[in-house]
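# Structural characterization, general
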Amino acid sequence: MPRSAPSAPRLPEAFTPEVRRALARADPKLGALMKRVGPFRLQLSPLHSPFAALAESIVYQQLHGKAAAAIFARVSERVGKGRRFTPQALLSTADTVLREAGLSANKLAALQDLARKSLDGTVPPLSRVRRMDDATLIDHFTQVRGIGQWTVEMLLISRLGRPDVLPVDDFGVRKGFMLAYGLPEMPRPKALLEYGERWRPWRTVVSWYLWRATELPVEPVAD
């Protein structure tokens, strides 16, 4: 049976002033960054279907936003929009039709694998997804061709509002840490993961602030 997280806090509402103060006490440099950035303003995108959300993620990989959005819109026109965008509908759409929408052969294969794994339960329905913990969801979703841990972590953060996700392979998170902590180079993922233990169980919050750190004007590092 999958592990569940039925009472887990959900962001952004769970990030209270008490939590902010606790993080600042645990890591004063983080406290200084939070003060510079200001209030925590994570905006969640609705998650109606894990299949549709992961399909969109596959289409967006290695493409600029506008190009990916145009291709996904064309795919949706051929498969079905909204609730009609289902695994069954995608598998019943001819390969040539989907390729004409702009999908590469690799992305088409990934979408079809996603559809099959959604039908066999590897990719759970939304009702189960909401009850499963982060590690279990990563284990399930990364069994799909073309879906890596980073893709799942972005879904956990931006769609499910899970509070304790630290995507250590994310360029923006690593660069933000370098800038906020006055380092000469970006930390290695393993080192960032170890340092981030002090941020549990609110590592998503820290990730958001590290992303914002890359948008701040550079300040001189104090001796």
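If you look at the biggest cluster of nonpolar residues, it comprises 63 residues, and the most contacted ones within it are Phe-15, Leu-23, Phe-141 and Trp-199. At seven residues, the largest contribution of residues to this core is made by helix α13 (residues 203-213). Aside from chain neighbours lying at most four places away, what touches Leu-23 is Phe-15, Leu-30, Met-34, Trp-199, Trp-202, Val-205 and Val-206.

On to the side chain of Asp-170. Here Asp-170 is to be found in the loop between α10 (149-158) and α11 (171-180). Despite its burial, Asp-170 pairs with no opposite charge, the nearest such side chain being Arg-174 at 8.5 Å. Among the polar contacts made by the side chain of Asp-170, one reaches the side chain of Trp-211 at a distance of 2.8 Å.

On to the packing of aromatic side chains. Across all of its chains, the model carries eleven aromatic pairs by this definition. Ring geometry for Tyr-181 and Tyr-195: centres 5.6 Å apart, planes at 80°, overall edge-to-face. Here the residue Tyr-181 occupies a position in the loop between α11 and α12 (189-195), and Tyr-195 occupies one in helix α12, the gap between them amounting to 14 residues. A relative accessible area of 22% means that Tyr-195 is categorised as partly exposed. Grouping aromatic residues by their ring pairs yields a cluster made of Phe-15, Phe-40, Trp-208 and Tyr-209. Between Arg-198 and the ring centre of Tyr-195, over which it is positioned, the NZ or CZ distance is 3.6 Å. Positioned over the ring face of Trp-208 is Arg-212, at 4.9 Å from the centre of the ring.

The terminal C-alpha atoms of helix α7 (residues 105-119) lie 21 Å apart, and with 15 residues this matches the ideal 21 Å at 1.5 Å per residue to within 8%. Extensive coverage of α7 is indicated by the burial of eleven of its 15 residues. Within α7, the full set of buried residues consists of Lys-107, Leu-108, Ala-109, Ala-110, Leu-111, Gln-112, Asp-113, Leu-114, Ala-115, Lys-117 and Ser-118. Those residues of α7 hidden inside the fold are in contact with α3 (50-60), α5 (87-91) and α6 (95-100). Immediately beyond the C-terminal end of α7, within one or two residues, lies Gly-121, with a positive phi of roughly 95°.

Now for the pattern of salt bridges. As enumerated under the stated definition, the model contains eight salt bridges in all. Taking the shortest distance from any N to any O, the salt bridge between Arg-203 and Asp-164 comes out at 2.9 Å. Of this pair, Arg-203 sits in helix α13 while Asp-164 sits in the loop between α10 and α11, and the two are 39 residues apart along the sequence. For Asp-164, a relative accessible area of 17% gives the class buried. Two residues, Glu-215 and Arg-212, come together in a salt bridge whose shortest N-O distance is 3.1 Å. Members of the salt-bridge network, linked through shared partners, are Asp-164, Glu-197, Arg-200 and Arg-203.

Definitions and cut-offs
Residues numbered from 1 in each chain as written. Predicted model: local features only at pLDDT ≥ 70, side-chain atom pairs only at ≥ 80, totals over all residues. Heavy atoms only, no water. Core = buried A, V, L, I, M, F, W, Y, C linked by side-chain atoms within 4.5 Å. Buried < 20%, exposed > 50% of the residue type's maximum accessible area, 1.4 Å probe, protein only. Helix = DSSP H or I, 4+ residues; strand = E, 2+ residues; numbered from the N terminus. Contact = heavy atoms within 4.5 Å. Lys, Arg positive; Asp, Glu negative; His and termini not counted. Salt bridge = Lys/Arg side-chain N within 4 Å of Asp/Glu carboxyl O. Polar contact = N/O pair within 3.5 Å; in protein donor to acceptor, adjacent residues only side chain to side chain. Phe/Tyr/Trp six-rings, centres within 6.5 Å; stacked < 30°, edge-to-face > 60°. Lys NZ or Arg CZ within 6 Å of the ring centre and 35° of its normal. Expected span 1.5 Å × (residues − 1).

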